[in-house]
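Geometric and topological summary
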Amino acid sequence: MWSLFLRDIRLHIRAGGGALTGVIFFLAVIATIPFGVGPDLNLLARIGPAILWIGALLACLLGLDRLFQADREDGSLDLLVLGDDRQMLALTVLTKCLAHWAGSVLPLVIAAPLLGLFMNMEPIGIGATALTLLVGTPAITFIGAAGAAVAVALPRGGLLISVLVLPLTIPVLIFGVSASHGAVANPDPFLQPFLILAALTLFLAVLGPVAAALALRHGTD
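Please read all numbers here as calculations on a predicted model, not as lab measurements.

Notes on the overall build of the protein
Per the secondary structure count, the protein includes 10 helices and 0 strands. Listed by position from the N terminus, the elements making up the protein come as α-α-α-α-α-α-α-α-α-α. Based on the C-alpha atoms only, the size of the protein along its principal axes is roughly 55 × 35 × 30 Å. Partitioning the intrachain contacts of the protein with sequence separation of at least 6 by distance along the chain shows that 82% fall at a separation of at least 24. For the protein, the accessible area works out to roughly 10,900 Å², and carbon and sulfur atoms hold 72% of it. Each charge class in the protein was averaged separately, 10 positive and 12 negative side chains, and the resulting centres sit 5 Å apart.

Structural data, given as structure tokens:
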């Protein structure tokens, strides 16, 4: 698993552009919001956590089609599917999800505090939003793995992945935004939605790779 993780990280670095494209798209989403809602700084600060989460979610969807595509093109995906039993294939998918998150999604989390300044957010709000993104974005990757596994054999499967995955990410988005708002809005709680968000990530860390492994094996058959 460690060797596979390092291999996928090296592939992300050699391919280039994936993480940078996601960060630029994230920046474009955040930068256009003030032009749409107007110069009201209080309004921008109030909707800032939700905008950061929506921008990060859409940026995460951009790179999901590359999760298994390179392995399919060079034939290594067939070897992984045919050579492993069902449990080991799920662990292989989990490792690839973690490598994809570290190579493509983690830069978004790192860029989030800087982009939060564009929304006139308070430091505690920026920190809470970055923390929820750090905990919640792996869940998006685990959900996306199942969608990428379904669409890996289809031409132009990137759009299909977004259509399949986006509705399933709504609970992650809800609790991520709720926890971020709870850190700055006094009556709203932070800990409860944050713990539910962490629980969703742990649950999907099991369910997502298993579903993706089944989809890959079924697609190969």
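Still more ground to cover, so stick around.
Section: unusual backbone geometry
A positive phi angle is found at N120, which is not glycine, with a value near 60°. By the element assignment, N120 lies in the loop between α6 (86-118) and α7 (123-151). Relative accessible area serves as the criterion here: at 35%, N120 is assigned to the partly exposed category.

Examining the packing of aromatic side chains
Each aromatic ring pair is characterised by the separation of its centres together with the angle its planes make. Applying the stated criterion to the full structure yields 2 aromatic pairs. Aromatic side chains W2 and F5 sit 5.6 Å apart centroid to centroid with 15° between the ring planes, which places their arrangement in the stacked category. Pair noted here: W2 and F5 are both in helix α1 (residues 2-15), with a separation of 3 residues, about one helical turn. An angle of 20° between the planes, with centres 5.3 Å apart, marks the rings of F190 and F194 as stacked. On the basis of relative accessible area, F190 is assigned to the partly exposed category, the value being 25%.

Some remarks on the nonpolar core
Grouped together as the largest cluster of nonpolar side chains are 56 residues, with contacts concentrated most on F26, W53, F68, V172 and L216. If near-sequence neighbours (up to four positions away) are discounted, F26 is found in contact with L52, G55, A56, A59, L108, A112 and L115.

Overview of a nonpolar patch on the surface
Taken together, the side chains of F25, I54, L58, L62 and L166 present a nonpolar region at the surface, about 360 Å² in accessible area. For the nonpolar patch, the element with the highest residue contribution is helix α3 (residues 41-62), accounting for 3 residues. Relative to the helices and strands, I54 is located in helix α3. Given the relative accessible area of 37%, I54 is considered partly exposed.

Some thoughts on the environment of A185
Inspection of the secondary structure puts A185 in the loop between α9 (170-184) and α10 (191-220). Between the C-alpha atoms of A185 and L67, which are 118 residues apart in sequence, the distance is 37 Å.

A word on the UniProt feature "transmembrane region" (unreviewed entry) in the protein
UniProt feature "transmembrane region" (unreviewed entry): in the numbering of this structure it lies at residues 12-37, 43-64, 98-118, 124-152, 159-178 and 190-216. Secondary structure across residues 159-178 comprises 80% helix and 0% strand; the distance between its end C-alpha atoms is 28 Å. Within residues 190-216, the helical portion is 96% and the strand portion 0%, while the C-alpha atoms at the span's ends are 38 Å from each other.

Reading the values: rules and limits
- Residues numbered from 1 in each chain as written.
- Predicted model: local features only at pLDDT ≥ 70, side-chain atom pairs only at ≥ 80, totals over all residues.
- Heavy atoms only, no water.
- Helix = DSSP H or I, 4+ residues; strand = E, 2+ residues; numbered from the N terminus.
- Contact = heavy atoms within 4.5 Å.
- Areas by Shrake-Rupley, 256 points an atom, 1.4 Å probe, with all protein chains shown as cover.
- Lys, Arg positive; Asp, Glu negative; His and termini not counted.
- Charge placed at Lys NZ, Arg CZ, Asp CG, Glu CD.
- Buried < 20%, exposed > 50% of the residue type's maximum accessible area, 1.4 Å probe, protein only.
- Phe/Tyr/Trp six-rings, centres within 6.5 Å; stacked < 30°, edge-to-face > 60°.
- Core = buried A, V, L, I, M, F, W, Y, C linked by side-chain atoms within 4.5 Å.
- Patch = residues over 30% accessible without salt bridge, like charges linked within 9 Å, V, L, I, M, F, W, Y side chains within 5 Å.
- Salt bridge = Lys/Arg side-chain N within 4 Å of Asp/Glu carboxyl O.
- UniProt positions renumbered as here; feature names shortened; annotations may be inferred.

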